[in-house]
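Fold and geometry: a report
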Amino acid sequence: MKSCDFDTPFEEVTPVPDAPRISANLSSVPDLIEATIDDRAAERPVYSLVVEGQTCEGVDLSRLELFSSHLLRCTFLASDLSNATFEDVAFEQCDFSNADISSAYFLRCSFSSCRFVGADFSGTVFKHATVTDSTFQYASFTRGGFDACSFEGCDFSQASIAEAELKRVEFSQSRLTNVDFFKTSLRGIDLSDNDIAGFLVSDTMRELSGCIMDPYQAASVARKLGIVVKE
């Protein structure tokens with residue numbers, strides 16, 4: 001058995017995130033900032049856009065509301081997307097490194113081969129998100145929330161997922177090395193297929209109650225608790 005369970009049993013539920021519902025009729029725009037400036041000023045949502053190859057840095061897209069759209073090979077380095085809402089949006093080969101994406105909301109979004117190195121997702125909520133081959137090194141998800149999300153082949157090295165809520169979340173073949181999970185319950189989370197070396201939790205390790213590990217991972221945790229594991 002490969003369960004690290006210190007409390008009562010739990011019912012494991014495998015997440016099946018809903019895919020983005022994107023319109024077949026998208027309007028191609030070269031500049032997301034210019035295309036949405038009036039709607040952002042009026043606090044109106046924007047629908048059915050496709051933006052390809054835009055590159056910029058330090059731009060203000062805070063409070064953007066983008067629905068049923070596709071961003072492909074776009075770069076928004078160190079930009080402000082705080083309090084933004086993304087619903088039914090596909091992000092493909094995009095780079096939001098060092099961006100402020102705090103207090104944002106993602107619903108039915110997909111991310112493929114994207115970079116969010118050092119991005120600030122503090123207080124951000126993800127619901128029905130599918131993420132593959134993406135990088136979140138040094139990113140912060142502190143006090144954020146995840147519901148029905150799947151992460152495959154992702155790199156969370158040195159990221160902070162402290163004081164967050166994880167519900168129906170799946171990590172597979174991902175790097176969770178030196179991730180800060182302080183005060184984040186991992187109950188029901190299957191870590192067995194991931195690299196979790198050097199993860200950070202509280203002294204009591206209560207965050208690991210009810211998580212799932214392989215025998216080698218469980219032995220490593222036992223050693224941290226001072227238990228001598230006989231080989």
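The numbers attached to residues start from 1 for each chain and follow its sequence in the written order. Only residues with pLDDT of at least 70 are given local features in this predicted model, and only at 80 or more are side-chain atom pairs given and counted; all residues enter the totals for whole chains, interfaces and linings. Side-chain numbers come from the whole structure's heavy atoms, not from hydrogens or water.

1. Some thoughts on empty space enclosed by the protein
Over the atoms rolls a probe the size of a water molecule, and in doing so it shows where empty space is left. Cavities and pockets are defined on a 1 Å grid built over the protein atoms alone: a cavity is a set of grid points where a 1.4 Å probe fits but cannot escape, while a pocket is an open set with protein on both sides within 12 Å along at least five of seven lines, and lining residues are those with an atom within 4 Å of any such point. Grid points are joined across faces, edges and corners, and a volume is the space filled by probe spheres set on the points. Taken as a whole, this structure holds one cavity of 30 Å³ or more when the rule is applied. Estimates place the volume of the largest cavity at around 40 Å³. By the convention adopted, Pro, Cys, Tyr, Trp, Phe, Met, Ile, Leu, Val and Ala count as nonpolar, Lys, Arg, Asp and Glu as charged, and the other residues, Gly among them, as polar. Looking at side-chain class alone, the lining of the largest cavity contains eight nonpolar, no polar and no charged residues.

2. Things to note about helix 2 (residues 215–224)
Note that an α-helix has 3.6 residues per turn; residues three or four places apart therefore point the same way. The buried label applies to any residue whose accessible area, calculated with a 1.4 Å probe on protein chains only, is under 20% of its type's maximum; exposed applies above 50%, and partly exposed to all values in between. Think of it this way: any DSSP run of H or I at least four residues long counts as a helix, any run of E at least two long counts as a strand, and we number them from the N terminus. Among the residues of helix 2, those classed as buried are Gln217, Ala219, Val221 and Ala222. The definition of a polar contact used here is a pair of N or O atoms within 3.5 Å, where within protein one atom must be able to donate a hydrogen and the other to accept one, and adjacent residues in sequence count solely through side-chain atom pairs. One side-chain oxygen at the N-terminal end of helix 2 lies 3.0 Å from the backbone nitrogen of tyrosine 216; it belongs to aspartate 214.

3. Re the packing of aromatic side chains
The criterion for an aromatic pair is that two Phe, Tyr or Trp rings (for Trp, the six-membered ring) have centres within 6.5 Å, with stacked assigned to planes under 30 degrees apart, edge-to-face to planes over 60 apart and tilted to the rest. In this structure the tally under the stated criterion is 28 aromatic pairs. Taking the centre distance of 5.6 Å and the plane angle of 55° together, the rings of phenylalanine 121 and phenylalanine 126 count as tilted. Here the aromatic rings of phenylalanine 146 and phenylalanine 151 are separated by 5.9 Å at their centres, their planes lie at 75°, and the arrangement is edge-to-face. By relative accessible area, which is 5% here, phenylalanine 146 ends up buried. According to the relative accessible area criterion, phenylalanine 151 is buried, its value standing at 3%.

4. Quick look at helix 1 (residues 32–41)
If you check which residues of helix 1 are buried, you get Leu32, Ile33, Thr36, Asp39 and Arg40. Along helix 1, the residues classed as buried sweep out an arc of 130° about the axis, all on the same side. Structural note: helix 1 exposes Glu34, Asp38 and Ala41 on the side pointing more than 90 degrees away from its buried face. Of the surrounding elements, those touching the buried residues of helix 1 are strand 3 (46–47), strand 4 (49–52), strand 5 (55–57), strand 6 (65–72) and strand 7 (75–77). One side-chain oxygen of the residue at the start of helix 1 lies 2.8 Å from the amide nitrogen of isoleucine 33, identifying that residue as aspartate 31. Glutamate 43 lies just past helix 1 and shows a positive phi near 55°. To obtain the arc, one takes the directions from the helix axis to the C-beta atoms. Contacts are residue-level and defined by heavy atoms, with any inter-residue pair within 4.5 Å sufficient.

5. Focus: the pattern of salt bridges
We define a salt bridge as a contact between a side-chain nitrogen of Lys or Arg and a carboxyl oxygen of Asp or Glu at a distance within 4 Å. Tallied over the entire structure, the rule returns seven salt bridges. For glutamate 87, the salt bridge identified is with arginine 108, shortest N-O distance 3.4 Å. In this pair, glutamate 87 sits in strand 8 (residues 85–92) while arginine 108 sits in strand 9 (residues 105–112), placing the two residues 21 residues apart along the sequence. In this structure, glutamate 87 and arginine 108 share a single accessibility class: buried.

6. A look at the nonpolar core
Side-chain atoms within 4.5 Å link the members of a nonpolar core, which is a set of buried Ala, Val, Leu, Ile, Met, Phe, Trp, Tyr and Cys residues. If you look at the biggest cluster of nonpolar residues, it comprises 62 residues, and the most contacted ones within it are Leu71, Phe91 and Phe156. Listed by contribution, the elements that provide at least two residues to this core are helix 1, strand 4, strand 6, strand 8, strand 9, strand 10 (125–132), strand 11 (145–152) and strand 12 (165–172). Setting aside its immediate chain neighbours within four residues, leucine 71 contacts Leu32, Val51, Leu66, Phe76, Val89, Ala90, Phe91, Glu92, Cys94 and Phe96.

7. Notes on the confidence of the model for the chain
Interpretation of this model should avoid reading the predicted coordinates in detail wherever pLDDT is low. A residue's pLDDT is the confidence the predictor assigns to it, expressed on a 0 to 100 scale. The predicted model of the chain averages 91 in pLDDT, with 90% of residues at 70 or higher. In the predicted structure, residues 1–12 sits below a pLDDT of 50 and forms 35 contacts with residues beyond four places in sequence or in another chain.

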